[in-house]
Amino acid sequence: MSQAALADPPRRLSDLPGPPGLPLVGNSLQIEPARFHQQLEAWGRTHGDPYRLRLGGRRLLVVADPAAIAAALRDRPAVINRTDRLVRGAAELGFAGVFASNGEDWRRQRSMVMAAFDPGHIKSYFPSLVQITQRFQRRWHRAAEAGSAIDLGADLMRYTVDVIAGLAFGADINTLESDDDVIQRHLDQIFPALSRRLQAAFPYWRYVKLPADRRLDRHVAALREAVQGFIAQARARLAADPALREQPRNLIEAMIVARDNPASGLSDRDVAGNVLTMLLAGEDTTAHTLAWMLYLLSRHPAALARARDEVRAVLGPERLPSRPEQLAALDYVEACAHETMRLKPVAPLLVMQAARETVVAGVALPPGGLMVFLSRAGSLDARHFAEPEVFEPARWLKDAAGPLAAPGSAKRVSMPFGAGPRICPGRYLALLEMKMAIAMLLGSFEIESVDTPDGGPAQERMAFTMSPVGLRLRLRRREPEAA
Ligand code: HEM
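Conventions adopted
- In this numbering scheme, every chain counts its residues from 1 along its sequence in written order.
- This being a predicted model, a pLDDT of at least 70 is required before a residue's local features are given, and a value of 80 or more before pairs of side-chain atoms are given or counted; all residues contribute to the totals for chains, interfaces and linings.
- Hydrogen atoms and water are omitted, and side-chain values are computed over all heavy atoms in the structure.
- A run of H or I in DSSP counts as a helix once it spans at least four residues, and a run of E counts as a strand once it spans at least two, with each numbered from the N terminus.
- We take the radius of gyration over the C-alpha atoms and set the globule estimate at 2.2 Å times the residue count to the 0.38 power.
- Exposed residues in this analysis have more than 50% of their type's maximum accessible area, buried residues have under 20%, and partly exposed residues fall in between, with area computed by a 1.4 Å probe over protein chains only.
- Whether two residues are in contact is decided by their heavy atoms, any of which lying within 4.5 Å being enough.
- In short, Shrake-Rupley with a 1.4 Å probe defines the accessible areas, and a residue's cover is counted only from the protein chains shown.
- Charge counting treats Lys and Arg as positive and Asp and Glu as negative, with His and both chain ends excluded.
- Every charge is mapped onto a representative atom, which is NZ of Lys, CZ of Arg, CG of Asp or CD of Glu.
- When DSSP finds at least two bridges between two strands, those strands are taken to pair.
- For helices, the fitted axis covers only the stretch in contact; all axes are lines through C-alpha atoms, and the angles between them, taken along N-to-C directions, range from 0 to 180 degrees.
- Here a polar contact is recorded for every N or O atom pair within 3.5 Å, except that within protein the pair must consist of a potential hydrogen donor and a potential acceptor, and residues adjacent in sequence are included only if both atoms are side-chain atoms.
- Being near a molecule or strand, for a residue, comes down to having at least one heavy atom within 4 Å of it.
- Under the grouping applied here, Gly and all other residues not named as nonpolar or charged are polar, the nonpolar ones being Ala, Val, Leu, Ile, Met, Phe, Trp, Tyr, Cys and Pro and the charged ones Asp, Glu, Lys and Arg.
- The rule is short: rings of Phe, Tyr and Trp, with Trp giving its six-membered ring, pair when the centres are within 6.5 Å, and they are stacked under 30 degrees, edge-to-face over 60, tilted in between.
- Distances define the donors: N, O and S atoms within 2.8 Å of the metal qualify, as do those within 3.2 Å of Na, K or Ca. Water is excluded, so some sites may look unfinished.
- Any carboxyl oxygen of Asp or Glu within 4 Å of a side-chain nitrogen of Lys or Arg constitutes a salt bridge here.
- A clockwise turn of the near helix away from the far one marks a right-handed crossing, whereas an anticlockwise turn of less than a right angle marks a left-handed crossing.

Here we take up the overall build of the protein. Along the protein, the regular secondary structure elements total 17 helices and 13 strands. Relative to the globule expectation of 23 Å for 483 residues, the C-alpha radius of gyration of the protein, 23 Å, shows essentially globular dimensions. Counting only C-alpha atoms and orienting by the principal axes, one finds that the protein spans roughly 75 × 60 × 45 Å. Here the protein holds 483 residues, and 53% of them are scored as buried. Of the contacts made within the protein by residues no fewer than 6 positions apart, 73% connect residues no fewer than 24 positions apart. Put simply, the protein shows about 21,400 Å² of open surface, and 54% of that area lies on carbon and sulfur atoms. Across the protein, 61 positive and 54 negative side-chain charges occur, with their mean positions spaced 4 Å apart.

Here you go:
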């Protein structure tokens, strides 16, 4: 930005261009919830950056410039926050926790969560990750033998929930090998419900419960019971082995120990809220990213072949990784993850609220002012990535050369995990999990097809996170197991 521009007085939200709306409702009636992100991105192409939007009585600033977004995300928690709506909506659904809190409340919880997800801790979890991935391999062996199509999204969520429950709660829930009433059935209801409620013109559910709200209440109650179960198991472990209080082995034990110290300021509600937060934050995001990655690889045979060759060279005679060093050597697979998250970030919209008067993207906002960050817009802009619509994982390799190589600023433009003090604490785990799952798949199977419901390109569906609709995977075993 030029010095002159820096010196310009901030603009007012009401002076910005934006899509024309109706009196009172503004743009509300134009919104299609499942395509909300695509609509906001399209309006950005028409009205420029930044622009304004009006949803009923709420006026929002919509920003696409990655530098302005990163600056605002760094300005947390003092100036920029998660929205009041999110904080209240999450609490109503039982996951008041580190994701849905602000200010001091947030700070108290964040350091504890960070400790549980640091790379050293995740490394010591590696043997359990291998065990869970072996179960995943067995599940897909059975599907390949039976010649059946795999519901990709559902199976990936079994994997991600088993991983997060093991890491954060020390609980082996093994949904990969269960066909019972798995916890995902309830988890899957929460983000779509939250998404609907965040967009609702009026919070009617606080006054009247429709049948859908009563059904939702039953899912929330089932989850509350599951969460209490994890907490009870962890308390039993702490009672049986008091030495664990000095060295808790996972997040839930650390939270209970902290909760039992009156100086911590943590409550039972904080512990329960964070348990559910981990399940929700760890499930969809990683599973949807993996689903997008498999979809994109299936549509780009050269990239798929390169990833498969890398995996098989690194694994040698093994069919899935058994040592962390093997995952560390999968540079191209990791590049595939970065390229997938550039084109298909599962959080393409980040909605924030000003804690006090501030200026974002050159626009003055009052305390409580709302803003939406279009986190994919910069990644699809030719000023930042050459031929931005092309899936080219190699652009992310360290020694990348040629016209498509990602510039030095790439990681400041593509921010799939957010930025600043509230950047995703699960990002190392997510990358490890994704590399593990892809290595198992490419080491053990040949991909026959990744099909969409209508044979066309995969549709993006927004329900708080952005997922591909209805992918079905068909696999063939790489070679018959020796008898
Ligand atoms: C590919 C996978 C994932 C993606 C793309 C992703 C993305 C994100 C994004 C965009 C945010 C908001 C960051 C911000 O406000 O700046 C976030 C926050 C968060 N993520 Fe992830 N995430 C992923 C996996 C995970 C996993 C595996 C966990 C572990 C349970 C996790 C836990 C969290 C938590 C607790 C927060 C809230 C942090 C805070 O507000 O301080 N995420 N994630």
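Let's pick the thread back up.
The strand order across the open sheet built from 5 strands is β2-β3-β9-β6-β4, with neighbouring strands paired in mixed fashion. Strands at the two margins of the open sheet, each flanked by one partner only, are β2 (51–55) and β4 (80–81). Here strand β6 (residues 349–354) pairs with strand β9 (residues 370–374) via 5 bridges, running antiparallel. Each bridged residue has a counterpart across the sheet, and for Val351 the counterpart in β9 is Val372. Taken strand by strand, helix α2 (residues 36–47) contacts β2, β6 and β9, and its axis lies near 140 degrees from that of β2.

Here we come to the environment of Asp172. Turning to its location among the elements, Asp172 is positioned in the loop between α8 (152–169) and α9 (184–199). Residue class for Asp172 comes out exposed when judged on its relative accessible area of 52%. Taking C-alpha positions, Asp172 is 12 Å from Tyr159, a pair spaced 13 residues apart along the chain. A distance of 2.7 Å separates a polar atom in the side chain of Asp172 from a polar atom in the side chain of Arg135.

Moving on: the site of the ligand. Every one of the 26 residues lining the ligand counts as a neighbour, but Arg76, Arg82, Trp106, Arg110 and Cys424 are closest to it. Interatomic distance of 3.0 Å between a side-chain N/O atom of Arg422 and an oxygen atom of the ligand. Contributing elements (two or more residues each) for the shell around the ligand: α5 (103–116), α12 (268–298) and α17 (427–444). Broken down by element, the residue count for the shell around the ligand peaks at 6 residues, all from α12. Grouping the amino acids of the shell around the ligand by side-chain chemistry returns 16 nonpolar, 6 polar and 4 charged.

Our next topic: the packing of aromatic side chains. Pairs of aromatic rings are described using the distance from one ring centre to the other and the angle between the two planes. In this structure the tally under the stated criterion is 10 aromatic pairs. Between Phe136 and Trp140, the ring centres sit 4.3 Å apart and the planes meet at 50 degrees, which makes this aromatic pair tilted. With Phe136 and Trp140 both in helix α7 (residues 126–146) and 4 residues apart, the pair spans about one turn of that helix. The residues Phe136 and Trp140 share a single accessibility class, namely buried.

The sole protein-derived ligand of the iron atom of the ligand is Cys424 (SG), positioned 2.3 Å away. When you line up the elements, Cys424 lands in the loop between α16 (410–413) and α17.

Let's shift gears to the pattern of salt bridges. The final tally for this structure, using the stated rule, is 30 salt bridges. With a shortest N-O distance of 3.3 Å, Arg12 and Asp15 are connected by a salt bridge. In this structure, Arg477 and Glu145 form a salt bridge, with 3.6 Å as the shortest nitrogen-oxygen distance. One end of the pair, Arg477, is in strand β13 (residues 472–477); the other, Glu145, is in helix α7, with 332 residues separating them in the sequence. By relative accessible area, Arg477 is classed as buried at 18%. Under the relative-accessibility criterion, Glu145 is labelled exposed at 56%. One connected set of salt bridges, linked through shared partners, spans Arg88, Glu92, Arg197, Arg206 and Asp213.

Backbone geometry follows two general trends: most residues other than glycine have a negative phi, and most peptide bonds adopt the trans configuration. Across the junction of Asp49 and Pro50, the peptide omega takes the value 0 degrees, indicating a cis bond. Tracing the sequence through the fold places Pro50 in the loop between α2 and β2. In this model, Arg76 is joined to Pro77 through a cis peptide bond whose omega is 5 degrees. Structurally, the position occupied by Pro77 is in the loop between α3 (66–74) and β4. Residue Ala361 is not a glycine yet carries a positive backbone phi of 50 degrees. Topologically, Ala361 is positioned in the loop between β7 (358–360) and β8 (363–365).

Here we take up the packing of helix α15 (residues 331–343) against α17. At a closest axis distance of 10 Å, the pairing of α15 and α17 adopts a crossing angle of 115 degrees. When the axes of α15 and α17 are compared, the crossing they make is right-handed. Across the interface between the two elements, Val333, Glu334, Ala337, His338 and Met341 from α15 touch Leu431, Met434, Lys435 and Ile438 from α17. Of the residues that constitute the contact of α15 with α17, the class distribution is 6 nonpolar, 1 polar and 2 charged.

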